[in-house]
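Spelled out from the first residue to the last, the chains are:
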There are 2 protein chains.
Amino acid sequence: MENAKKFGWAGAAAGAAIFNIIKDKGPISRVEIVGQTGLSKSTVSQHVNKLIEMTLVSEELAQINGVGRRRRLLELNKNVGYVIGIDLDAKSLKIAICNMNAEIIDSDFVEISVSSAPEKILEKIEEMIDALLVRNTISIEELVSAGMGFPGPVEFSTGLPISPPIMPGWHQYPIRSKLENIYNCPVYVDNDVNMMALGEMHSGFGQDVDNFIFIKVGTGIGAGIIFDGQLYRGSQGCAGDIGHIAIDGDETLCPCGNKGCLEVVSAGPAIERKALAFADENKNSLLARIKEEKGTITPLDVGLLANNGDLVSQKIIRASGKAIGTVLAKVTNLYNPRVIVIGGEIARIGDMFLSSIKEKIYQRSLPLATRELKIRKSMINEEVGLIGAAITSINEVYSHDNVTRMVMNQEK
Amino acid sequence: MENAKKFGWAGAAAGAAIFNIIKDKGPISRVEIVGQTGLSKSTVSQHVNKLIEMTLVSEELAQINGVGRRRRLLELNKNVGYVIGIDLDAKSLKIAICNMNAEIIDSDFVEISVSSAPEKILEKIEEMIDALLVRNTISIEELVSAGMGFPGPVEFSTGLPISPPIMPGWHQYPIRSKLENIYNCPVYVDNDVNMMALGEMHSGFGQDVDNFIFIKVGTGIGAGIIFDGQLYRGSQGCAGDIGHIAIDGDETLCPCGNKGCLEVVSAGPAIERKALAFADENKNSLLARIKEEKGTITPLDVGLLANNGDLVSQKIIRASGKAIGTVLAKVTNLYNPRVIVIGGEIARIGDMFLSSIKEKIYQRSLPLATRELKIRKSMINEEVGLIGAAITSINEVYSHDNVTRMVMNQEK
C-alpha cells in the first residue's frame, strides 16, 4: 500500500487499490480510506459505491472489535462465491470448500498413497469435491477458483510439478488444466509448504509479521519463506528446500544421492526406521510391543511413548528435533526471521520435539538473531495447507491487475 | 517501477518517479519515459524540464551504446556534486571521492589496526578525506553525502555499531553524527558486506540480477543478500551472518563461544594458523622458509605457494574453500539465488580457492537450485566496498521521498 500512496492514484487502478485496502484491513470506514490514500472524499465514495455495486465489498452498520459506536463499515464480501482448497500430501488428501476470506465451510479427508497414478488421485479429488458441493448445495457455477498444494517442486506460472522425487509419475502432469476443465474456474498449484506459509500468514502466527518461515515436518521437510510480506520462491522456484541441507558428517544415504540430508536423518520415516530397528533388537521394549500389536510403528506412536517417559523414544524424538534445530540455527543466522512456525504431521508429536528444536536454535544462532525470534508450533496445523491453497487462489483472482480489469469492465 | 505504473502518477511524486527512471535506466529518451509511465507527452516534458532546471538530470545529443542515430537523451547529472565512500576493514581503511553515479574519481588506502580506538580511526578518516579534497580541489560545500562500510553489525537507521565482536570499543560509537558534523552532509553507515552487495549490484555481476548473494571472505566471513533487487537486512538487521554458521562436528573454538563456526574454520586467520603450525613442525618446508623470511605467513603467501604446486598449501586452501562451499550449499538450497559473488581479501588467493567452493556447492545443492546458478569472483573486489558505500548514500539522498520533496520545494 505504501507505494500506492507514494505514486498517487488514478482511474480503475485506484478502485482496485481501495478494494485491496478493504480486503486486507476491513472492516474499515470510508473516512479511514480517505486518510490512508490521500484521495478526496468524493473520489473514495465513487469507487466504494462501484465496488459495492459489483458485490465485491459490503457496507454495514457495525462496531469495530465489538466495542464503541456502531458505524457504517466496509468489508470484503466473503459470500460472493466459493473457492476450493486442496492439500495433497504423501499420505493424505484434504479438500475444503471456503468462502472468499479462505474460511473453511466444509472439508473432507482421505488417506491415499503417494505412489498412486496421478489419474487415480485426480479421480479421488473430483469425487471428494463433488460430494462437498452436493452436501453444501453449491453449484459448480458458484466456484470462483481453486488452489492446490503439492508435495514437491512446482513451476508456479504453469502449475506443472517438476521431477517430484517421491512421486515420479507426476513430472509435468497437467493437474492444473485438468482441474480447470472440470470446474471451469482458474486453478493455482504450488508447492504445499509455500501454500502453508501463506495460510499461516493469513490466519496463524504469521499475521502482521513481515519476515517468517514455515517449516513442514512430515514424510519430508520443507520451508516456506515470507520476505517483507511476500512469498519468496527463488530463482528456479525451489527456495526453501531445507530437507536436503546436509548435517555435516552424517553418513545416512538419501534417495537424492547425497549423504546426511536433514530429511533422511530426521523426518517421519527416519523416526519410524529408528524405532523399528530398536524394536527388532529389543524384543521386550515398549516399542517392540507396539510393533507386535500394530504390525508397524508410526512417528506419533514414538511421540506418545516419549511423552509417557520411554527413554528410547525420547532419544529418537530428541535426535530428530536437534537435527532440525541444527539446520534452523543456520537458517536463523542467514535470514534473521521474526518468527519460525513448525507444522506438518511430525509437529503433532508434542513439546519434547519442539523444545529440542528450540534448544539447538538458541545454542547455535547469534544472540542478536534470536533476541526477538519466536519459535511456535502452528495452531492451525490441520487446516493450514487448505487455508493456504484457498487464499493463494483468492489472492490471484483478486490481484491488483485483475481487480483493475474488473473495475474497468464495469465502467464500460 | 512496476508499482508506479500500476497506481498512476500525480504531482511531485511523478517528477520523482521520472527522475528514478532516468537515474536507473538512462541514457533514455523522453518518448521512452512516456512509454514506461503511461503519462502524456506534455506531462513528461513538464517534469523533465523541471528536473533539468534543478540540475538533477542532463539532456544531450548522443547515441545509445555508441550506435545508431544521435538522439536527445536524458541521464543522471553525475557532476552535480561529490560523495565520499569509506570502507573500514579489520586491517585497512579505504576512502574514495566519487561522482553522483558512484564512479571513483580518486581514492586512498592505509593499513590500520582494528584494535585502535574509534577516535584514532576517525582522525585518520578525516585526514585522508581532507587530503583527497585538497588533491582534487573539491570544497566541503560540494559534498552531497557520504557512506561508510563497517566490519560488524550496524543498526542502519541510527548508524550505530552494535557489539562488534572484533572491535569492542566501537559499540554504539556515534561515527555517523561525528562525520555529519565535520562534513555538514548526511552520512550513512552500514555493515561492510551489505555495502559490498550494493556495490556489486551497481557495477559488478549483480547488475540486472534480482536475487544474489555477495560473500566477503577476509578476517571474518559475511554475506550481503539481495532479494528482488533490494538489500535484505533481516528482523534485527543481522541477516547474512554466515560466519557463525556451524560446520557440524567441527570442534574448533570460536571467540563467539560456539564450536566450528565457518569463520574460525576457514577465514584468513584460520589459513594463517594452519600454515604457521605446519611451518613450525616442518622446518624444511616452503611455508617454514617464508616464515623465516617474513616473520609470519599471510593467507596470500599460502595462496601463492598453492598456485606454485606446494601440496600442503593446496591442502590448506582447499580445506578453507570446501568449508565455505559446504555452508554455501545450504544457503543455495534455502535461498536459490541466481548468482553468488565471492569477494574480500581471501578471494584474491586464486582459482583453487574458488574451485573448491564451487565443488562443494555443486556436490551438495539440489540440481534444480544450481541449474542456472553462477558462482563468480568479484571483478571489482578492490573497490566494491567503496562503490557500495557511495551508492548507498546516493540512493538515500535520491530516495523517492527526498526527490519528491526537492521537486515540491522547486514548485513553490
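Now for a quick tour of the structure. Since the model is a prediction, treat every value here as computed from it, not as a measurement.

For the rest of this paragraph, the subject is the overall build of chain A. Helices and strands together make up the secondary structure of chain A, namely 16 helices and 14 strands. Relative to its length of 412 residues, chain A is compact, with a C-alpha radius of gyration of 23 Å against a globular reference of 22 Å. Based on the C-alpha atoms only, the size of chain A along its principal axes is roughly 80 × 50 × 40 Å. Put simply, chain A has 412 residues, and 56% of those count as buried. Sequence separation of 24 or more characterises 59% of the internal contacts of chain A that already satisfy a separation of 6 or more.

Right, let's get into the packing of aromatic side chains. According to the stated counting rule, one finds 15 aromatic pairs over all chains in the structure shown. With centroids separated by 5.3 Å and ring planes inclined at 20 degrees, the aromatic side chains of Tyr232 of chain A and Tyr335 of chain B adopt a geometry described as stacked. With Tyr232 of chain A in strand β12 (residues 230-232) and Tyr335 of chain B in helix α12 (residues 311-335), the pair connects residues from two separate chains. Each member of the pair, Tyr232 of chain A together with Tyr335 of chain B, is buried. Ring centres 5.4 Å apart and planes at 70 degrees place the aromatic pair Trp170 of chain B and Tyr173 of chain B in the edge-to-face group. Within the aromatic cluster, the residues linked to one another by ring pairs are Phe227, Tyr232 and Tyr335 of chain A together with Phe227, Tyr232 and Tyr335 of chain B.

A few words now on the relation of the copies chain A and chain B. There are two copies of the chain, and a rotation about an axis plus a shift along that axis relates them. For these two chains of identical sequence, chain A goes onto chain B by a turn of 180 degrees and a shift of 0.0 Å along the axis, with RMSD 0.1 Å. The two molecules are tied by a two-fold rotation axis, judged by turn and shift. Relative to the rotation axis, the closest C-alpha in chain A is found at Asp248 of chain A, a distance of 2.5 Å. An overlap of 100% is found between the interface residues of chain A and their copies at the interface of chain B, pointing to a shared contact surface.

Turning our eyes to something else, we now look at the sheet that holds β12 of chain A. All names here are of chain A. Reading across from one edge, β12-β11-β10-β13-β14 is the order of the five strands in this open sheet, with mixed pairing throughout. Pairing within the sheet leaves two strands with one partner each, and these edge strands are β12 and β14 (374-377). Each adjacent strand pair in this sheet contributes to an overall mean axis angle of 25 degrees, direction not counted. Of the strand pairs in this sheet, strand β11 (residues 221-227) and β12 are connected by three bridges, and their pairing is antiparallel. Note on β12: the bridge partner recorded for Phe227 is Gln230. The sheet strands contacting helix α7 (residues 192-203) are β10 (212-217), β11, β12 and β13 (339-343), and the helix crosses β10 at an angle near 130 degrees. Across the sheet, helix α12 (residues 311-335) touches β10, β11 and β13, and the angle it forms with β10 is around 160 degrees.

Counting residues at the interface gives 50 residues for chain A, matched by 50 residues for chain B. When chain A packs against chain B, the two sides together hide about 4600 Å² of surface, and 56% of this comes from carbon and sulfur. Here chain A is connected to chain B by two salt bridges. The partner of Asp248 of chain B in a salt bridge is Lys330 of chain A, with the nearest N and O atoms 2.6 Å apart.

Omega for the peptide link from Gly26 of chain A to Pro27 of chain A comes to 0 degrees, which places this bond in the cis form. Backbone geometry at Ser163 of chain B places phi at a positive 40 degrees, although glycine is not the residue there. With respect to the secondary-structure elements, Ser163 of chain B resides in the loop between β8 (160-161) and α6 (175-183). Judged by its relative accessible area of 48%, Ser163 of chain B falls in the partly exposed class.

To continue, consider the environment of Ser29 of chain A. All names here are of chain A. You can see Ser29 is positioned in the loop between α2 (11-25) and α3 (30-37). When the C-alpha positions of Ser29 and Glu75 are compared, they lie 8.9 Å apart, and in sequence the two are 46 residues distant. Excluding anything up to four places from it in sequence, Ser29 contacts Arg71, Arg72 and Leu73.

On to the nonpolar core, then. Residues Ile215, Ile242 and Leu328 of chain A together with Ile215, Ile242, Leu328 and Ile342 of chain B are the most contacted members of the largest nonpolar core, which totals 98 residues. For Ile215 of chain A, the contacting residues outside a window of four places in its chain are Ile221, Gly222, Ala223, Ile242, Leu328, Ile340, Val341, Ile342 and Gly343 of chain A.

Okay, the packing of α7 of chain A against helix α15 (residues 384-397) of chain A next. Residues and elements named next belong to chain A. One way to put it is that α7 packs onto α15 with a least axis distance of 7 Å and a crossing angle of 90 degrees. Taken together, α7 and α15 sit at an angle that is classed as roughly perpendicular. On α15, the residues touching Met195, Met196, Leu198, Gly199, Glu200, His202 and Ser203 of α7 are Val384, Gly385, Ile387, Gly388, Ala389, Ile391 and Thr392. For the contact of α7 with α15, the per-class residue count stands at seven nonpolar, six polar and one charged.

Next up on the list: the side chain of Asp248 of chain B. As for its position among the elements, Asp248 of chain B is in the loop between β12 (230-232) and α8 (262-266). Looking at Asp248 of chain B, its side chain comes within polar contact range of the side chain of Lys330 of chain A, at 2.6 Å.

Before going further, it helps to examine the environment of Gly350 of chain B. By secondary structure assignment, the location of Gly350 of chain B is in the loop between β13 (339-343) and α13 (351-364). C-alpha separation for the pair Gly350 of chain B and Ser92 of chain B, spaced 258 residues apart in sequence, amounts to 21 Å.

What follows concerns the pattern of salt bridges. Using the criterion set out here, one finds 37 salt bridges over all chains in the structure. Close ionic contact of Glu103 of chain B with Lys78 of chain B constitutes a salt bridge, the shortest N to O distance being 3.3 Å. You can see Glu103 of chain B sitting in the loop between β4 (92-98) and β5 (104-111) and its partner Lys78 of chain B sitting in the loop between β2 (67-76) and β3 (82-88), a full 25 residues away along the chain. Judged by its relative accessible area of 27%, Lys78 of chain B is partly exposed. One connected set of salt bridges, linked through shared partners, spans Arg30, Glu59 and Arg72 of chain A.

Our next topic: the environment of Ala270 of chain A. Residue and element names in this part refer to chain A. Tracing the backbone shows Ala270 in helix α9 (residues 268-281). For the pair Ala270 and Ile316, spaced 46 residues apart in sequence, the C-alpha to C-alpha distance is 9.1 Å. When sequence neighbours within four positions are dropped, the list of residues in contact with Ala270 reads Val264 and Val265.

This next bit is on the sheet that holds strand β5 (residues 104-111) of chain A. All names here are of chain A. Ordered by their spatial adjacency, five strands build an open sheet running β5-β4-β3-β6-β9, and the pairing between neighbours is mixed. What marks the edges here is a single partner per strand, and that holds for β5 and β9 (187-191). Sheet twist, expressed as the mean angle between neighbouring strand axes with direction ignored, is 15 degrees. Where strand β3 (residues 82-88) and strand β6 (residues 143-150) come together, six bridges link them in parallel fashion. Bridge pairing in β6 links Val83 to Ser145. Most of the contacts of α15 go to β3, to which it runs at about 135 degrees, and overall it touches β3, β4 (92-98), β5, β6 and β9.

Okay, the packing of α3 of chain A against helix α4 (residues 41-53) of chain A next. When two helices pack together, their arrangement is given by the angle between their axes and by how far apart the axes lie. Residue and element names in this part refer to chain A. The contact between α3 and α4 brings their axes to 10 Å, and the two run at 120 degrees. Judged on the interaxial angle alone, α4 and α3 are oblique. Note that α3 runs across α4; the crossing there is right-handed. Where α3 approaches α4, its residues Arg30, Ile33, Val34 and Thr37 are matched on the opposing element by Lys41, Val44, Ser45, Val48, Asn49 and Ile52. Of the residues in the contact of α3 with α4, the class split is five nonpolar, three polar and two charged.

Conventions we followed
- Residues numbered from 1 in each chain as written.
- Chains lettered and ligands numbered in written order.
- Predicted model: local features only at pLDDT ≥ 70, side-chain atom pairs only at ≥ 80, totals over all residues.
- Heavy atoms only, no water.
- Helix = DSSP H or I, 4+ residues; strand = E, 2+ residues; numbered from the N terminus.
- Rg over C-alpha atoms; globule rule 2.2 N^0.38 Å.
- Buried < 20%, exposed > 50% of the residue type's maximum accessible area, 1.4 Å probe, protein only.
- Contact = heavy atoms within 4.5 Å.
- Phe/Tyr/Trp six-rings, centres within 6.5 Å; stacked < 30°, edge-to-face > 60°.
- Least-squares fit on C-alpha atoms with pLDDT ≥ 70 in both.
- Pairing = 2+ DSSP bridges.
- Axes fitted to C-alpha atoms, helices over the stretch in contact; angles between N-to-C directions.
- Buried area = accessible area lost by both parts, 1.4 Å probe.
- Salt bridge = Lys/Arg side-chain N within 4 Å of Asp/Glu carboxyl O.
- Core = buried A, V, L, I, M, F, W, Y, C linked by side-chain atoms within 4.5 Å.
- Parallel < 35°, antiparallel > 145°, perpendicular 65-115°, else oblique.
- Nonpolar A, V, L, I, M, F, W, Y, C, P; charged D, E, K, R; others polar.
- Polar contact = N/O pair within 3.5 Å; in protein donor to acceptor, adjacent residues only side chain to side chain.
- Left-handed = near helix turned anticlockwise from the far one by under 90°.

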